[in-house]
Amino acid sequence: MNTDFSARLVRWQKQHGRHGLPWQVREPYAVWLSEIMLQQTQVATVLEYYPRFLAAFPNVAALAKADQDEVLALWAGLGYYSRARNLHAAAKQVMRDFGGRFPDTRQDLETLKGVGRSTAAAIAAFAFGRREAILDGNVKRVLCRVFAQDGAIGDKKFETALWDLAESLLPATEEMTPYTQGLMDLGALVCKRSKPHCDACPMAEICLAKQQGRIAELPRKKTAVAVKELALYWLVLRDKQGRVLLEKRPAGGIWGGLYCVPCFERLDDLYERAAAFGVASEDLAEGDLVSHRLTHRLLQITPLQANGVAAATAHGSLWANAAEYGLPKPLAKYLRRG
């Protein structure tokens, strides 16, 4: 059944899979960039960001030389900003540790910042034709259903069993590109989490979950993590020229490394910062509440604003045209509304 699986998948991908995506090339830098962008992000969204990023940083040397603020500005809106910081750090690693040439084995690729086993395997397969297994969320779902693998996703022993299965399914080296792309395509387009298109699936005849009536049951759902609500306050100050007061967020935490208006968890801290710019609490107008959902947190943000403020500066802050900086998505949207 294992050879049947890979043969079916390769045939299906060549006929029905995704083709013509801009990163479907053999150039390691382009492949690596796309794999990092596609982590936890839809293809449609990446198609918007990828060309702009590649135009600004056409190769790994250009990215390594760039200022981190430039990198984060082009990443703004893609979310999971640690990916952008890791991308920048990894580009420097390639220049420093590998003489500017991308490593061509999965093991060496795994040494790059932000590159895990599955991502390294995908880069190795696509860019270098290496016979390496991938195992992202979509692939786990496909394997759990086709082979009726029943276990808790995230359980170490079960994860090891899935890796062993994934490696046992690998085709001959010359088919690695359509096979690896096929796994991604099958999970994204056909074997979806809910409402899978079993009638269009190349594995319909051999899928054990289908035969056993367990498609909805497999893979076992992770225990839902409770979403915590977090109240935040934005200090939105504009000077007489309409420029906004911005400061750089700490590298760790929400919107790490991006420019943002001063952001606080305590209202008293916001009032204290406003006073440093000569703005009394009673002169601040409350804007519409901004709700923004992160993976495990719901941010409830209250903007407090004042216009025509004297453009004094404080350590770590600057007055700027917000459109020139990469800002957190909810802030950019709020400022556009005026």
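Residues numbered from 1 in each chain as written. Predicted model: local features only at pLDDT ≥ 70, side-chain atom pairs only at ≥ 80, totals over all residues. Heavy atoms only, no water.

- The name given to the protein chain in an unreviewed UniProt entry is Adenine DNA glycosylase, with the source organism recorded as Eikenella exigua.
- According to UniProt, the comment filed for the protein chain under the heading Catalytic activity (unreviewed entry) is "Hydrolyzes free adenine bases from 7,8-dihydro-8-oxoguanine:adenine mismatched double-stranded DNA, leaving an apurinic site."
- Under the heading Function (unreviewed entry), UniProt records this for the protein chain: "Adenine glycosylase active on G-A mispairs. MutY also corrects error-prone DNA synthesis past GO lesions which are due to the oxidatively damaged form of guanine: 7,8-dihydro-8-oxoguanine (8-oxo-dGTP)." (UniProt positions renumbered as here; feature names shortened; annotations may be inferred.)

### Structural notes on the layout of surface pockets
Right, on to step 1. Reported here for the second largest pocket is a volume of approximately 540 Å³.
Right, on to step 2. As for the second largest pocket, its lining consists of 23 residues, and the residues nearest its centre are Gly79, Tyr80, Tyr81, His292 and Leu294.
Right, on to step 3. Broken down by class, the residue content of the lining of the second largest pocket amounts to 8 nonpolar, 11 polar and 4 charged. (1 Å grid on protein atoms, 1.4 Å probe; cavity = no way out; pocket = protein on both sides within 12 Å on 5 of 7 lines; lining within 4 Å. Points joined across faces, edges and corners; volume = space filled by probe spheres on them. Nonpolar A, V, L, I, M, F, W, Y, C, P; charged D, E, K, R; others polar.)

### Description of empty space enclosed by the protein
Right, on to step 1. If you walk through the whole model with that rule in mind, you get 2 cavities of 30 Å³ or more.
Right, on to step 2. If you add up the space inside the largest cavity, you get close to 120 Å³.
Right, on to step 3. In this structure, the largest cavity is lined by 15 residues; those nearest its centre are Arg145, Cys191, Cys198, Cys201 and Cys207.
Right, on to step 4. Contributions of two or more residues to the lining of the largest cavity are made by helix 9 (137-146) and helix 11 (176-190).
Right, on to step 5. Examining the composition of the lining of the largest cavity, we find that 3 residues originate from one element, helix 9, more than from any other.
Right, on to step 6. Among the residues making up the lining of the largest cavity, the classes are represented as 12 nonpolar, 1 polar and 2 charged.
Right, on to step 7. Its boundaries defined by the atoms lining it, the second largest cavity holds a volume of some 60 Å³. (Helix = DSSP H or I, 4+ residues; strand = E, 2+ residues; numbered from the N terminus.)

### Focus: the pairing of strand 7 (residues 297-309)
Right, on to step 1. Where strand 1 (residues 228-239) meets strand 7, 11 bridges bridge the pair, whose relative direction is parallel. Following the sheet pairing, aspartate 239 is matched in strand 7 by valine 309.
Right, on to step 2. Both strand 5 (residues 285-286) and strand 7 contribute to a ladder of 2 bridges, which runs antiparallel. For alanine 285, the partnering residue across the bridge sits in strand 7 and is glutamine 305.
Right, on to step 3. Alignment of strand 6 (residues 290-293) against strand 7, held across 4 bridges, turns out to be antiparallel. Bridge pairing in strand 7 links histidine 292 to leucine 299. (Pairing = 2+ DSSP bridges.)

### What about helix 14 (residues 329-336)?
Right, on to step 1. Three or more residues of helix 14 are buried, namely Pro330, Leu331, Tyr334 and Leu335. Projection of helix 14 onto a plane perpendicular to its axis shows the buried side chains occupying an angular sector of 130°, all on one side. Among the exposed residues of helix 14, those oriented more than 90 degrees off its buried face are Lys329, Lys333 and Arg336.
Right, on to step 2. Contact partners of the buried residues in helix 14: strand 1, strand 2 (244-248), strand 3 (259-260), strand 6 and strand 7.
Right, on to step 3. The first or second residue beyond helix 14 is glycine 338, which carries a positive phi of 95°. (Buried < 20%, exposed > 50% of the residue type's maximum accessible area, 1.4 Å probe, protein only. Arc of directions from axis to C-beta. Contact = heavy atoms within 4.5 Å.)

### Considerations on the UniProt feature "domain: HhH-GPD" (unreviewed entry) in the protein chain
Right, on to step 1. UniProt marks residues 37-189 with the feature "domain: HhH-GPD" (unreviewed entry), using the numbering shown here.
Right, on to step 2. A distance of 19 Å separates the end C-alpha atoms of residues 37-189, which is 64% helix and 0% strand.

### Re the side chain of threonine 302
Right, on to step 1. Inspection of the secondary structure assignment puts threonine 302 in strand 7.
Right, on to step 2. Apart from the residues lying within four places of it in its own chain, the contact partners of threonine 302 are Leu232, Tyr233, Trp234, Glu286 and Leu289.

### Quick notes on the packing of helix 3 (residues 43-56) against helix 5 (residues 68-75)
Right, on to step 1. One way to put it is that helix 3 packs onto helix 5 with a least axis distance of 10 Å and a crossing angle of 160°. One way to sum up the angle between helix 3 and helix 5 is to call them roughly antiparallel. Helix 5 is crossed by helix 3, and the crossing has right-handed handedness. Contacts between helix 3 and helix 5 involve Tyr49, Arg52, Phe53 and Ala56 from the former and Val71, Leu74 and Trp75 from the latter. (Axes fitted to C-alpha atoms, helices over the stretch in contact; angles between N-to-C directions. Parallel < 35°, antiparallel > 145°, perpendicular 65-115°, else oblique. Left-handed = near helix turned anticlockwise from the far one by under 90°.)

### What about helix 2 (residues 28-37)?
Right, on to step 1. Of all 10 residues in helix 2, 10 are buried, a share of seventy percent or more.
Right, on to step 2. Where helix 2 is buried, its residues meet helix 3, helix 4 (60-65), helix 5, helix 6 (82-97), helix 8 (117-128) and helix 11.
Right, on to step 3. Measuring from the side-chain oxygen of the N-cap residue of helix 2 to the backbone nitrogen of tyrosine 29 gives 3.1 Å; that N-cap residue is glutamate 27. (Polar contact = N/O pair within 3.5 Å; in protein donor to acceptor, adjacent residues only side chain to side chain.)

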